Amino acid sequence: MEKLTTDEISRRFTEFYEERGHARITGSTLLPPPGDDSVLFTTSGMHPLTPYLEGRPHPLGRRLVNVQRCLRTTDLEEVGDPTHLTVFEMLGTWSLGDYEGPRSLEWGYELLTDGLGIAPRLLHTTVFGGDGQVGPDLASLEVWERLGVPVERTVEDNWWSNGPTGPCGPDSEIFLWTGDGPPESTPTGDERWVEVWNHVMMRHRRLADGSLVPLPQRNIDTGLGLERLASLLQGERSVFDGDVFEPWRRLLPSLWGLDETSLRLVSDHLRSAVVVIGDGVRPAATGRGYVLRRLVRRVLTTLWRADSSSGLGDLPRELVTGTLGHFGQGEDPETVRRVLGTLAEEETRFRSLLDRGRRVLAGPRFRRPLDETDLHYLHDTHGLPRDLVESLREEHGAPEGD
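Scope of this entry: the structure provided in the associated data block.

So, how was this worked out
- Within any chain, residue numbers begin from 1 and follow the written order of that chain's sequence.
- In keeping with the predicted nature of the model, local features appear solely for residues at pLDDT of at least 70, side-chain atom pairs appear and are counted solely at 80 or more, and the whole-chain, interface and lining totals rest on all residues.
- The side-chain quantities take in all heavy atoms of the structure and omit both hydrogens and water.
- Throughout, exposure labels follow a simple rule: accessible area from a 1.4 Å probe, protein chains only, divided by the maximum for the residue type, with under 20% read as buried, over 50% as exposed, and the rest as partly exposed.
- Only runs of H or I of at least four residues qualify as helices and only runs of E of at least two qualify as strands under DSSP, and these elements are numbered from the N terminus.
- Pairing between strands is defined by DSSP: at least two bridges between the two strands are required.
- A fitted line through C-alpha atoms represents every axis, and for helices the fit uses only the stretch in contact; the resulting angles, taken between N-to-C directions, go from 0 to 180 degrees.
- Handedness of a crossing follows from how the near helix is turned relative to the far one, being left-handed for an anticlockwise turn of less than a right angle and right-handed for a clockwise one.
- In this description, contact between two residues means that some pair of their heavy atoms is separated by no more than 4.5 Å.
- The distinction between a cavity and a pocket rests on a 1 Å grid over the protein atoms alone: a 1.4 Å probe fits inside a cavity but cannot get out, while a pocket stays open yet meets protein on both sides within 12 Å along at least five of seven lines, and a residue with an atom within 4 Å of a point counts as lining.
- Grid points are joined across faces, edges and corners, and a volume is the space filled by probe spheres set on the points.
- Residues were grouped as follows: Ala, Val, Leu, Ile, Met, Phe, Trp, Tyr, Cys and Pro as nonpolar; Asp, Glu, Lys and Arg as charged; and all remaining residues, including Gly, as polar.
- Only buried residues count toward a nonpolar core. Its members are Ala, Val, Leu, Ile, Met, Phe, Trp, Tyr and Cys residues joined through side-chain atoms within 4.5 Å.
- Between Lys or Arg on one side and Asp or Glu on the other, a salt bridge is scored when a side-chain nitrogen of the former is within 4 Å of a carboxyl oxygen of the latter.
- Pairing of N or O atoms within 3.5 Å defines a polar contact, subject to two protein rules: one partner must be a possible hydrogen donor and the other a possible acceptor, and residues neighboring in sequence count only if both atoms are side-chain atoms.

## Re the pairing of strand 3 (residues 87-96)
Within strand 3, 10 of the 10 residues are buried, leaving the element largely enclosed by the surrounding structure. On strand 3, burial covers both faces: Val87, Glu89, Leu91, Thr93 and Ser95 on one face and Phe88, Met90, Gly92, Trp94 and Leu96 on the other are all buried. Across nine bridges, the pairing between strand 2 (residues 63-71) and strand 3 is antiparallel. The partner of Gln68 across the bridge, within strand 3, is Met90. In the sheet, strand 3 pairs with strand 9 (residues 212-225) via seven bridges, with the strands oriented antiparallel. Bridging from a neighbouring strand, Trp94 pairs with Asp221 of strand 9.

Here it is as structure tokens:
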């Protein structure tokens, strides 16, 4: 495979689709469009385009391509493994009632092999095998068989939805072999097959009663994780070993004595916090602000577990400016000061909260297993959230039965 930087992959992707009639749209911030309260943050490239997928004409036409930054809180516990990040970039393409799935898959195959230099023998695919409501995706199956790419049929793994109701449809996923030897087994049978690109045939809407009705138009929605693909093309097994995280791996180990898992978590969460603050979010007790607060506190908890004297004031300025610049949020001194100031304020607040929590929990009332009444009291009276209480009690050994 050709070793390409993350920026080169992004450029080749967008230019490939622009040559095929797709208009490049500017990716939005992490904040959903005004009036969209379905999610706290943009979790995929399709979120800002939902009205157009449901039939509204897009001002730039029926073929679109973009690079969208996303944040998924559902992946927080997965961060540290080879493929998951909290904030990441999604390369996306859309056909709004224009071409169908076979053309999308053919173009995807062409880009991966001819455009990015991936050997066809390293690819495997999956398609929707059909269920009681929708038949098997024979059109996608025919494409992959014609191209000579191994294909596996599944049901749940190849049906895409954005929730219990709303737009949905069968999808076909493209996997890349990451093992040392020749490809083996199938994507459902061997975790060395890593998913890199999902092509969704978004043509249905699921209603509250579980039934399906056709959307006003038959759409194609594809999404490709940029950092994941880049690390694989660079010959790395982990997104944390790709070029995006090179500055973090170069600067943080000598600053903070962290093991590999902790280094990955700290790098991901700090990078994500910088992007979230760059998009205008402030720490808070609820909503988006609480997600930011949780990211920062997970970083601090990890740092202080290794060395209680560590602090975010040591964070190299280069990492902040580089992250803000990569996401187009501005590298000006005022923006950098705002980010660093927010992190410093949150660290001070968290240290104070920990000190107060330790004093409160040392009282005679809490030298026993806690019940829900205790947890509510600690939260409402002392501002100590459940997860912090549990962490502090583990720190000193909670009574059995807690």
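Next comes the rest of the description.
## Describing the environment of Glu8
Mapped onto the elements, Glu8 comes out in helix 1 (residues 6-18). Here Glu8 falls in the partly exposed class, since its relative accessible area comes to 30%. Along the chain, Glu8 and Arg237 lie 229 residues apart, while their C-alpha atoms are 19 Å from each other.

## Side note on the packing of helix 3 (residues 101-115) against helix 4 (residues 138-147)
It is the contact of helix 3 with helix 4, at a shortest axis distance of 9 Å, that shows an interaxial angle of 30°. Judged by the twist between their axes, the crossing of helix 3 over helix 4 is right-handed. Residues Pro102, Leu105, Glu106 and Tyr109 of helix 3 form the contact with helix 4, whose own contacting residues are Ala139, Ser140, Val143, Trp144, Arg146 and Leu147.

## What about empty space enclosed by the protein?
A complete count under the given rule lists one cavity of 30 Å³ or more for this structure. By volume, the largest cavity amounts to about 30 Å³. Phe240, Phe245, Trp248, Arg249, Leu263, Arg264 and Ser267 together form the lining of the largest cavity. Put simply, the parts of the chain that give the lining of the largest cavity at least two residues each are helix 6 (246-251) and helix 7 (260-278). Looking at the lining of the largest cavity element by element, the count peaks at three residues for helix 7. Residue classes in the lining of the largest cavity are distributed as four nonpolar, one polar and two charged.

## Here we look at unusual backbone geometry
The backbone of Ser185 shows a phi angle near 55°, a positive value even though the residue is not glycine. Looking at the element boundaries, Ser185 is found in the loop between strand 7 (166-177) and strand 8 (193-206). Judged by relative accessible area, which is 47%, Ser185 ranks as partly exposed.

## Focus: the nonpolar core
Counting 56 residues, the largest nonpolar core has Trp256, Leu312 and Leu315 as its most contacted members. Setting aside its immediate chain neighbours within four residues, Leu312 contacts Trp256, Leu270, Val296, Val299, Leu300, Leu303, Leu343 and Glu347. Counting residues in hydrophobic clusters, the runner-up holds 39 residues, among them Val67, Ile174, Val196 and Leu232.

## Here we look at the pattern of salt bridges
One pass over the full model with this rule turns up 29 salt bridges. With a closest N to O distance of 3.9 Å, Arg203 and Glu100 form a salt bridge. Note that Arg203 is positioned in strand 8 and Glu100 in the loop between strand 3 and helix 3, a separation of 103 residues in sequence. Measuring nitrogen to oxygen at the nearest pair gives 2.7 Å for the salt bridge that ties Glu372 to Arg386. Pair noted here: Glu372 is in helix 11 (residues 372-382) and Arg386 is in helix 12 (residues 386-396), with a separation of 14 residues, a long-range link. Exposure remark for Glu372: the relative accessible area of 42% places this residue in the partly exposed category. In the salt-bridge network here, residues are joined through shared partners; they are Asp241, Arg249, Glu260 and Arg264.

## Some remarks on the side chain of Asn158
Among the secondary structure elements, Asn158 is positioned in the loop between strand 5 (151-154) and strand 6 (159-161). Assessed through its relative accessible area of 0%, Asn158 is described here as buried. There is a polar contact of 2.9 Å between the side chain of Asn158 and the side chain of Thr126. When near neighbours in sequence (up to four residues on either side) are disregarded, Asn158 contacts Thr126, Val127, Phe128, Gly169, Pro170, Asp171, Ser172 and Glu173.

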